[in-house]
Amino acid sequence: MELFDHIERLAEKSRPAKVPTIDVVGRVCRTIRLHREEEPALLDTPSIAFAGLSLAVTTVAALLFMPLLTTLWDPWAAYMNAPWSY
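### A short note on the overall build of the chain
The helix and strand tally for the chain stands at four helices and zero strands. Taken against the 2.2 N^0.38 rule, which gives 12 Å for 86 residues, the C-alpha radius of gyration of the chain at 35 Å runs more than 25% over that of a compact globule. Each principal axis of the C-alpha distribution contributes one length, and for the chain these read about 95 × 45 × 20 Å. In the chain, buried positions account for 1% of the 86 residues. One way to put it: in the chain the 8 positive side-chain charges average out to a point 19 Å from where the 10 negative ones average out.

### Examining the pattern of salt bridges
Counted according to the given criterion, the structure contains one salt bridge. Two residues, R15 and E12, come together in a salt bridge whose shortest N-O distance is 3.5 Å. Classification of R15 as exposed rests on a relative accessible area of 62%.

### Overview of a nonpolar patch on the surface
The grouping of V60, L64, F65, M66, L68, L69 and L72 at the surface amounts to a nonpolar patch, some 720 Å² of accessible area in total. Within the fold, F65 resides in helix α3 (residues 45–73).

Quick notes on the rules
- Residues numbered from 1 in each chain as written.
- Predicted model: local features only at pLDDT ≥ 70, side-chain atom pairs only at ≥ 80, totals over all residues.
- Heavy atoms only, no water.
- Helix = DSSP H or I, 4+ residues; strand = E, 2+ residues; numbered from the N terminus.
- Rg over C-alpha atoms; globule rule 2.2 N^0.38 Å.
- Buried < 20%, exposed > 50% of the residue type's maximum accessible area, 1.4 Å probe, protein only.
- Lys, Arg positive; Asp, Glu negative; His and termini not counted.
- Charge placed at Lys NZ, Arg CZ, Asp CG, Glu CD.
- Salt bridge = Lys/Arg side-chain N within 4 Å of Asp/Glu carboxyl O.
- Patch = residues over 30% accessible without salt bridge, like charges linked within 9 Å, V, L, I, M, F, W, Y side chains within 5 Å.
- Areas by Shrake-Rupley, 256 points an atom, 1.4 Å probe, with all protein chains shown as cover.

Here's what the structure looks like:
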């Protein structure tokens, strides 16, 4: 609590103080004028790695489910491969 009391005393003491006027327009304009933005990277490595991994996982999933999809494409083959037809 002592810290808060100290901060309150400092705030009360500084209320009547005159605020100095500082002109920073020239400095800000110069900083903006001299600021050079970096060129964005055309190929972002993490994004390309994630896209490649996603494509690989999708390809593997499609290859694994291809027999199931071809079986379901033909209704008679789907019926003959059903568990009750063994």
